[in-house]
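What the coordinates show
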Amino acid sequence: MGQPPVVYGQSDRPPRGDYARAKADYTCAQDWAAYTPADHDTYHRLYQRQVEQLPGLASEAFIAALPSLGARERIPRFDDVNEGLHKATGWELVAVPGLIPEVPFFQLLADRKFPVTDWIRKPEEFDYIVEPDVFHDLFGHVPLLFNPVFADYVQRYGEGGLKAARLGACEMLSRLYWYTIEFGLIRESGGLRAYGAGILSSAGELPYSVQSPEPRRLPLELARTMRTRYKIDTYQQTYFVIDSYQELFDLTEQDFTPLYEELQGQPEFAADAA
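All figures in this text were calculated on a predicted structure; none of them were measured in a lab.

**A short note on helix α6 (residues 148-167)**
The end-to-end C-alpha distance of α6 is 29 Å, a good match for the 28 Å that 20 residues give at a rise of 1.5 Å each. All buried positions along α6 are accounted for by F150, A151, Y153, V154, Q155, Y157, G158, G161, L162 and A164. Buried residues along α6 sit in contact with α3 (78-89), α4 (102-110), α7 (170-182), α11 (245-251) and α12 (257-263). Its side-chain oxygen 3.1 Å from the backbone nitrogen of V149, N147 forms the N-cap of α6. After α6 finishes, the residue G168 shows a positive phi value of roughly 70°.

If you want it as structure tokens, here you go:
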């Protein structure tokens, strides 16, 4: 029992999370009883701050599904969320101690299991946290898993990730994840709305991504997205926009193998490239 901690990018401190609890697939039990009153209060205050910003900025499908997480006053039990989620789309949440390696991550998604970090940030990290915590994963990612088309896209992404790992193309595919599932924008009701979890769980980036004149907003195109680097420590300088979740699903229907071969060796785009 137990797995080595996982780090992406550079950090001045070791990764958080008790990886000694992790099974071979990096999942673990959600120790709900270990959450303190301060933990639940942090979740509640984060939830309240974000939900007040959603109208006019967040995808309507996200707003409609948000109540499925249950009471906002406390961190949900994953098993409670799973009752409705499995009925809606066949997905389930599984607890993980933090970031996990690419292949186990892809395998969980391919099996319609979404990994959710089970610890929550400290009060002094209220406005910014380096690693995803239970609030980011639950509030940002899970509501759209109740949407059948988007849920199917995430599973397809996991299946594609397993193939990309065999082909040495994980970096290109990770950019697609970043610019859709984490930081994607969609056109709804005549305007831009956010559907990416990294935006929806951020108090500052939600209005910035939709309203600010500063970033570039481009139609989602696979080759361009896979060649575009991204920022992990600032707001994004480029966002890619879809017109519907069906468009996102249809874009990933093709076999990416020829695309990977075509893009190998081609120059990359900077995060702010025109």
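Moving on from the coordinates now.
**Focus: the side chain of D39**
On the secondary structure map, D39 appears in helix α1 (residues 37-51). Setting aside chain neighbours within four positions, we find D39 in contact with A34, I75 and I120.

**Focus on the sheet that holds strand β3 (residues 185-188)**
Overall, mixed pairing links the 4 strands, which are arranged β4-β3-β6-β5 in an open sheet. Strands with a single pairing partner mark the edges of an open sheet, and in this sheet they are β4 (191-194) and β5 (216-219). The sheet shows a mean angle of 40° between the axes of neighbouring strands, direction not considered. Bridge count between β5 and strand β6 (residues 238-242): 4 bridges; the pairing is parallel. Within β6, the residue paired with L218 across the bridge is F240.

**Remarks on the packing of α4 against α6**
Closest axis-to-axis distance for the α4/α6 pair is 7 Å, and the angle between their directions is 145°. Judged by the twist between their axes, the crossing of α4 over α6 is left-handed. Contacts between α4 and α6 pair V103, F106, Q107, L109 and A110 from the former with V154, Q155, Y157, G158, E159, G161, L162 and A165 from the latter. For the contact of α4 with α6, the class distribution of residues is 8 nonpolar, 4 polar and 1 charged.

**Remarks on the nonpolar core**
One broad rule of soluble globular proteins: the nonpolar side chains tend to lie buried together. The biggest cluster of nonpolar side chains holds 86 residues, and the ones touching the most others in it are L54, L93, L138, F150, Y153 and M226. Per-element tally for this core: the top contributor is α7, with 8 residues. Apart from the residues within four sequence positions on either side, M226 is in contact with M172, L173, R175, L176, F256, L259, Y260 and L263.

**Some words on the packing of aromatic side chains**
This model, assessed by the stated rule, comprises 21 aromatic pairs. Ring centres 5.6 Å apart and planes at 65° place the aromatic pair F62 and F139 in the edge-to-face group. With F62 in helix α2 (residues 60-65) and F139 in helix α5 (residues 134-141), this pair connects stretches of sequence that are 77 residues apart. Pair check on accessibility: F62 and F139 agree, each one buried. Between F150 and Y153, the ring centres sit 6.1 Å apart and the planes meet at 50°, which makes this aromatic pair tilted. Taken together, the residues span about one helical turn, with F150 and Y153 both in helix α6 at a distance of 3 residues. A residue is classified by how much of its surface remains accessible, and Y153, at 0% relative accessible area, is buried. Joined through ring pairs, the aromatic side chains of Y43, Y47, F62, F135 and F139 make up one cluster. Sitting over the face of the ring of W32, R77 holds its NZ or CZ atom 3.8 Å from the ring centroid. A cation over an aromatic ring shows up here: R156 above the ring of F249, its NZ or CZ 3.8 Å from the ring centre.

Definitions and limits used
- Residues numbered from 1 in each chain as written.
- Predicted model: local features only at pLDDT ≥ 70, side-chain atom pairs only at ≥ 80, totals over all residues.
- Heavy atoms only, no water.
- Helix = DSSP H or I, 4+ residues; strand = E, 2+ residues; numbered from the N terminus.
- Expected span 1.5 Å × (residues − 1).
- Buried < 20%, exposed > 50% of the residue type's maximum accessible area, 1.4 Å probe, protein only.
- Contact = heavy atoms within 4.5 Å.
- Polar contact = N/O pair within 3.5 Å; in protein donor to acceptor, adjacent residues only side chain to side chain.
- Pairing = 2+ DSSP bridges.
- Axes fitted to C-alpha atoms, helices over the stretch in contact; angles between N-to-C directions.
- Left-handed = near helix turned anticlockwise from the far one by under 90°.
- Nonpolar A, V, L, I, M, F, W, Y, C, P; charged D, E, K, R; others polar.
- Core = buried A, V, L, I, M, F, W, Y, C linked by side-chain atoms within 4.5 Å.
- Phe/Tyr/Trp six-rings, centres within 6.5 Å; stacked < 30°, edge-to-face > 60°.
- Lys NZ or Arg CZ within 6 Å of the ring centre and 35° of its normal.

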